[in-house]
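Okay, here's what each chain looks like letter by letter:
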Amino acid sequence: MSVRQDEELRMVTGLLPQPSSPPLAPAAAGPIYRSTKTYGHSEGLSCCFRQWRATHSHCSLLHGYALSFAFVFATRELDECNWCFDFGGLKEVKAWLHHMFDHTTLAAADDPHLTAFESLQRAGLAELRVLPAVGCEAVARYAFDHVSDYVVKKTAARVWLESVQVCEHSGNSAIYCNPAGA
C-alpha cells in the first residue's frame, strides 16, 4: 500500500491498514452465540486481480468479480441489548471494504509484474491495492485479520471474529476461520 493509500485509508475509515495476528477465542467453556453480517454481490465490491502463480490456468490473467463477504461473530456473553455484535458498529468495516475492493485492482506484493500495475495507477488507469497475496482464500484471510482487530477493540474483546467467507460468485468461495476454532 502506498503512503497516499495508507493516509487515505486512515482518513476514510480510521482503521489500521496492516493486518496483525488474529486474536484467539476465549478458552472458557459454555454456550457460544453467533451472528452474521453479509455484504452481498450487489454491494458493488467489484475488483480485478490475477493469480500470477497459476501459470497452468487462465486465472493468471487479469479477471474480476463482484465479491461478497460474510462475517461470523461469536461471543459467550451478549451485550445489554442481548446482541452478539451491534451491526450498526460496522460502518467503518463497510467503508474499508469499499476502499479496498470497490473498483480496485489487487496485486500480490510478490507479483513479478507489480511495476506494471503501479504504472497503471500512476497513469490514472487503476486504483491499485497491494496485498500479501491475492485470490479468494488470501482475500478472506486479509479481511479476517483486519476486521478481527476492529471487532476486538470495538467490543473490549467480548466478541471475536470467527470466520470470513469471500465469494467470487455463487459457485466459488473461500472461508478463513479463527485458528483457535472457538
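For the structure, check the block above.
Asker: Tell me what's going on with the overall build of the protein, and back it up with residues and numbers.
Answerer: When you go through the protein residue by residue, the secondary structure sums to 4 helices and 7 strands. When the elements of the protein are put in sequence order from the N terminus, they spell out α-β-β-β-α-β-α-β-α-β-β. The buried share among the 182 residues of the protein stands at 44%. Restricting the contact set of the protein to residue pairs at least 6 apart, pairs at least 24 apart contribute 69%. Working note: accessible area of the protein is about 9200 Å², and carbon and sulfur atoms make up 56% of it.

Asker: I'd like a rundown of helix 2 (residues 91–101), residues and numbers included.
Answerer: Taken together, the buried positions of helix 2 are Val-93, Trp-96, Leu-97, His-99, Met-100 and Phe-101. The arc that holds every buried residue of helix 2, seen down its axis, measures 165°, which confines them to one face. Backbone geometry just after helix 2 places His-103 at a positive phi near 55°.

Asker: Any details on the environment of Ala-143? Residues and values, ideally.
Answerer: You can see Ala-143 is positioned in helix 4 (residues 136–154). Sequence-wise, Ala-143 and Gln-165 are 22 residues apart; in three dimensions their C-alpha atoms are separated by 9.3 Å. The residues touching Ala-143, leaving out its near neighbours within four places in the chain, are Phe-69, Trp-96, Ser-148 and Val-164.

Asker: Explain the packing of aromatic side chains to me, and be specific about the residues and the numbers.
Answerer: For any pair of aromatic rings, the description rests on two quantities: the centre-to-centre distance and the angle between the ring planes. Applying the stated criterion to the full structure yields 9 aromatic pairs. Ring centres of Phe-49 and Tyr-65 lie 5.9 Å apart, and the angle between their planes is 45°; this geometry places the pair in the tilted category. Placement of the pair is Phe-49 in strand 2 (residues 45–49) and Tyr-65 in strand 3 (residues 63–75), with a sequence separation of 16 residues. The two residues Phe-49 and Tyr-65 agree in class, both being buried. Taken together through their ring pairs, the aromatic side chains of Tyr-39, Phe-69, Phe-71, Phe-73, Phe-85, Trp-96, Phe-101 and Tyr-142 make up a single cluster. One Lys or Arg, Lys-37, reaches over the ring of Phe-87 and ends 5.9 Å from the middle of that ring.

What counts, and where the lines are drawn
- Residues numbered from 1 in each chain as written.
- Predicted model: local features only at pLDDT ≥ 70, side-chain atom pairs only at ≥ 80, totals over all residues.
- Heavy atoms only, no water.
- Helix = DSSP H or I, 4+ residues; strand = E, 2+ residues; numbered from the N terminus.
- Buried < 20%, exposed > 50% of the residue type's maximum accessible area, 1.4 Å probe, protein only.
- Contact = heavy atoms within 4.5 Å.
- Areas by Shrake-Rupley, 256 points an atom, 1.4 Å probe, with all protein chains shown as cover.
- Arc of directions from axis to C-beta.
- Phe/Tyr/Trp six-rings, centres within 6.5 Å; stacked < 30°, edge-to-face > 60°.
- Lys NZ or Arg CZ within 6 Å of the ring centre and 35° of its normal.

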